[in-house]
Amino acid sequence: MTEAILLVGGKGTRLRPLTVHTPKPMVRAAGVPFLTHQLARARAAGVDHIVLATSYLADVFEPHFGDGSSLGLHIEYVTEDEPLGTGGAIRNVASRLHSGPDDPVLVFNGDILTGLNIRALVDTHETTGADVSLHLTKVTDPRAYGLVPTDDTGRVLAFLEKPQTPEEIVTDQINAGAYVFRRSVIDTIPVGRPVSVERETFPDLLAAGAHLQGLVDSTYWLDLGTPAAFVRGSADLVLGRAPSPAIPGRCGDRLVLPTARVAPDAKVTGGTVVGEGAFVAEGARVFGSTILPGAVIEPGAVITDSLIGTRAVVGERSVLTGTVIGDGAIIGADNELRDGMRVWCDARIPAGAVRFSSDQ
């Protein structure tokens, strides 16, 4: 197996304001665009040719990755004029593939952080003679996902939409967003219209008697679709809980990138990343958070499980927990921002304007 398709065209709506200026796969996780981790893991598994299926803010990708040679890859880019869904995006890039009809083609969703053994998925595909093989993972609460029951041999039996009642939860296995397609199967996907592999392609293949094989791999897996998940994923990469050969430094309690500055008495822990040119001032405490390039954390600020956007400023003594601050935003001194709050790009919050406790 030498080829892969990465689906990176989504708008990242659930991640806004992180994705106002940046496509979701290019938001930094552990110091580099998240897509870098996926590309590096694919390369480590033996992939050398990757086609990126782009759409939203498509012109950002190629200037950063170029032809892929710096990663030991050959990267091509195909842009959708209109969003085509997962299946439509796969079909849209088919002409760039070099594989023969029976060769395996790896497909990744662009927002999944996983420890999947990619070679094991390919080996399963080849030894079982499957038309499509799927990475499946087990989750404690499968209600938010489509369920994929399998038989004793791992052969897929059905694709079930998000269960609404306890009786509908027939398995804890879900589609984990990585696939191996027989090349000829890709050519059967309809051309030029939106197609969902989850709702259309896979169920139709199953109904036609195709062999769909599941591989349950319950190593690290995280959907980075929400700000809280993205921050957690970045911290897990820094801490070494999630594997990646692309982390620009040693795994540990924190990752401080070149040109970033952290005051000697500031406390930066929990897998926090401090990006290039960012500054964490004296007395500040930052835990499990991402500080993007050029951001400033002023003296005495306390930041937990949060993401601070590029060039944003968090004022003195402000306390942020589980929040996202957009690029260029300014949070004045003595504010308190709590779980789920999102401050949009370039917004201004005056000193002491938002609080959950007394100002005394």
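Structure: see above.
Visitor: Before we go on, may I ask you to explain the overall build of the chain in this structure?
Guide: Counting secondary structure elements, the chain contains 7 helices and 28 strands. Relative to the globule expectation of 21 Å for 360 residues, the C-alpha radius of gyration of the chain, 22 Å, shows essentially globular dimensions. C-alpha extents for the chain along the principal axes are approximately 70 × 50 × 35 Å. The buried share of the chain, taken over its 360 residues, is 55%. Look at the contacts in the chain between residues 6 or more apart in sequence, and 51% of them connect residues 24 or more apart. The positive charge centre, built from 31 side chains, and the negative charge centre, built from 42, are 5 Å apart in the chain.

Visitor: Just to check I follow, could you spell out the pairing of strand E8 (residues 132-138) for this structure?
Guide: In the case of a regular strand, side chains alternate between the two sheet surfaces. Judged by how many residues are buried, E8 sits mostly within the fold: 6 of 7 residues are covered. Across 6 bridges, E8 lies against strand E9 (residues 173-182) in antiparallel orientation. Bridged to Val 132 within E9 is Phe 181. Here E8 pairs with strand E10 (residues 212-216) via 5 bridges, running parallel. Bridge pairing in E10 links Leu 136 to Val 216.

Visitor: Is there a simple way to think about the sheet that holds strand E4 (residues 49-54) in this case?
Guide: Each strand in a sheet pairs with another by means of backbone hydrogen bonds, the pair being arranged parallel or else antiparallel. What the 7 strands build is an open sheet, ordered E5-E4-E1-E6-E9-E8-E10; its pairing is mixed. This sheet does not close on itself; its edge strands, each paired only once, are strand E5 (74-79) and E10. In this sheet, neighbouring strand axes are inclined to one another by 25 degrees on average, regardless of whether the strands run parallel or antiparallel. Across 6 bridges, the pairing between E4 and E5 is parallel. Counterpart to Val 51 in the pairing with E5 is Glu 76. Strands strand E1 (3-7), E4, E5, strand E6 (104-109) and E9 of the sheet are contacted by helix H3 (residues 85-92), whose axis makes an angle of about 140 degrees with E1. Those strands touched by helix H4 (residues 118-128) are E6, E8, E9 and E10, and its axis lies near 65 degrees from that of E9.

Visitor: Any chance you could explain the pattern of salt bridges here in plain terms?
Guide: Where charged atoms from two side chains of opposite charge approach closely, those side chains can pair. Overall, the coordinates contain 15 salt bridges when judged by the stated rule. Between Arg 182 and Asp 102 there is a salt bridge, with its nearest N and O atoms 3.4 Å apart. Here the residue Arg 182 occupies a position in strand E9, and Asp 102 occupies one in the loop between H3 and E6, the gap between them amounting to 80 residues. Look at Arg 182 and you get buried, because its relative accessible area is 18%. On the accessibility criterion, Asp 102 (55% relative accessible area) is exposed. Of the charged contacts, one joins Arg 317 and Asp 334 as a salt bridge, the two residues approaching to 2.8 Å between their closest N and O atoms. Here Asp 334 lies in the loop between strand E25 (330-331) and strand E26 (336-337) and Arg 317 lies in the loop between strand E22 (313-314) and strand E23 (319-321), a separation of 17 residues in the sequence. The partly exposed category is assigned to Arg 317, whose relative accessible area is 45%. Put simply, Asp 102, Asp 131 and Arg 182 are held in one network by salt bridges that share partners.

Visitor: Can you walk me through H3 in this structure?
Guide: Think of an α-helix as turning once every 3.6 residues; residues three or four places apart then point the same way. Those residues of H3 that fall on the buried side of the exposure criterion are Thr 86, Gly 87, Gly 88, Ala 89 and Ile 90. If you follow the buried residues of H3, they end up packed against E1, E4, E6, E9, helix H5 (183-186) and helix H6 (197-207).

Visitor: Help me understand the sheet that holds strand E28 (residues 348-349), please; the structure alone is not making it clear to me.
Guide: Read from one edge of the open sheet, 6 strands run E13-E16-E19-E22-E25-E28, paired in parallel fashion. Across the chains shown, the open sheet's two edge strands, defined by having one partner strand only, are strand E13 (261-262) and E28.

Visitor: Honestly, the side chain of Ser 289 in this entry has me stumped. Any pointers?
Guide: Tracing the backbone through its elements, the reader meets Ser 289 in the loop between strand E17 (285-287) and strand E18 (290-291). Within the structure, Ser 289 has its side chain in polar contact with the backbone nitrogen of Ser 306 (distance 3.0 Å). Not counting residues within four places of it along the chain, the set of residues in contact with Ser 289 comprises Val 231, Gly 271, Thr 272, Val 273, Ile 303, Thr 304, Asp 305 and Ser 306.

Visitor: So what exactly am I meant to see when it comes to the environment of Ser 318 here?
Guide: Here Ser 318 is to be found in the loop between E22 and E23. Taking the C-alpha atoms as reference, Ser 318 lies 9.6 Å from Ala 284; in sequence the two are 34 residues apart. Those residues within four positions of Ser 318 in sequence are excluded, and the remaining contacts are Ala 301, Val 302, Ile 331, Gly 332, Ala 333, Asp 334 and Asn 335.

Calculation notes
- Residues numbered from 1 in each chain as written.
- Predicted model: local features only at pLDDT ≥ 70, side-chain atom pairs only at ≥ 80, totals over all residues.
- Heavy atoms only, no water.
- Helix = DSSP H or I, 4+ residues; strand = E, 2+ residues; numbered from the N terminus.
- Rg over C-alpha atoms; globule rule 2.2 N^0.38 Å.
- Buried < 20%, exposed > 50% of the residue type's maximum accessible area, 1.4 Å probe, protein only.
- Contact = heavy atoms within 4.5 Å.
- Lys, Arg positive; Asp, Glu negative; His and termini not counted.
- Charge placed at Lys NZ, Arg CZ, Asp CG, Glu CD.
- Pairing = 2+ DSSP bridges.
- Axes fitted to C-alpha atoms, helices over the stretch in contact; angles between N-to-C directions.
- Salt bridge = Lys/Arg side-chain N within 4 Å of Asp/Glu carboxyl O.
- Polar contact = N/O pair within 3.5 Å; in protein donor to acceptor, adjacent residues only side chain to side chain.

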